[in-house]
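# Summary of structural features
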Amino acid sequence: MSYDLNFVRREPGQSWDEAFEEMAENASSGPLSAKCAAQWDRIFAEATTLLGSLDQIDDGDSRELVHEPTGIQLSFSDGDVTITVPHWHQGSAATKTKVDVYALADIVERETGLEGYDPQLDQPLSESRAVSAG
């Protein structure tokens, strides 16, 4: 079992369901565009600064980073980004991992312009962060 965060481009007034539906309809396969490849390079560099040593998987159509100590994974393709973290963390390790996941989500949002969504809480990451900070 894992905890997932999803990212999508959402137009003003568009519901989350509509945005994810549109993303699924417009999903493209094939190599990353030059724009997305550049975004990935920046995300990976910042994620390495944040988390330390990362494994990178590149299948041409998508990229993935894996942080072995925490199990954090970030999957990235044109228009489809997901962060996944396993539920094995406890105590202070869980708190640190949560902080790292939200920091990684901030990087993704800043570099891609996509909005983060927490399907477990059924709310945008901006609201999850506010609840978490309060």
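Heads up: the structure comes first, above all this text.
The structure reproduced in this document is the subject of the present report. (Residues numbered from 1 in each chain as written. Predicted model: local features only at pLDDT ≥ 70, side-chain atom pairs only at ≥ 80, totals over all residues. Heavy atoms only, no water.)

## A look at the overall build of the protein
When helices and strands are tallied, the protein shows 4 helices and 7 strands. When the elements of the protein are put in sequence order from the N terminus, they spell out β-α-α-β-β-β-β-α-β-β-α. C-alpha atoms of the protein, sized along the principal axes, occupy 40 × 35 × 25 Å. By residue count, 39% of the 134 residues in the protein fall in the buried class. Across the protein, the centroid of the 9 positively charged side chains sits 8 Å from that of the 25 negatively charged ones. (Helix = DSSP H or I, 4+ residues; strand = E, 2+ residues; numbered from the N terminus. Buried < 20%, exposed > 50% of the residue type's maximum accessible area, 1.4 Å probe, protein only. Lys, Arg positive; Asp, Glu negative; His and termini not counted. Charge placed at Lys NZ, Arg CZ, Asp CG, Glu CD.)

## A few points about the pattern of salt bridges
Where charged atoms from two side chains of opposite charge approach closely, those side chains can pair. For the coordinates displayed, the defined rule picks out 5 salt bridges. Linking Arg63 and Asp58 is a salt bridge whose minimum nitrogen-to-oxygen distance equals 3.2 Å. Residue Arg63 is classed as buried on the basis of its relative accessible area of 14%. Taking the relative accessible area as the measure of exposure, Asp58 reaches 46% and is therefore partly exposed. The shortest N-O distance in the salt bridge between Asp100 and Lys96 comes to 2.9 Å. Taken together, the residues span about one helical turn, with Asp100 and Lys96 both in helix α3 (residues 91-112) at a distance of 4 residues. A relative accessible area of 6% places Asp100 in the buried class. Classification of Lys96 by relative accessible area gives partly exposed; the value is 48%. (Salt bridge = Lys/Arg side-chain N within 4 Å of Asp/Glu carboxyl O.)

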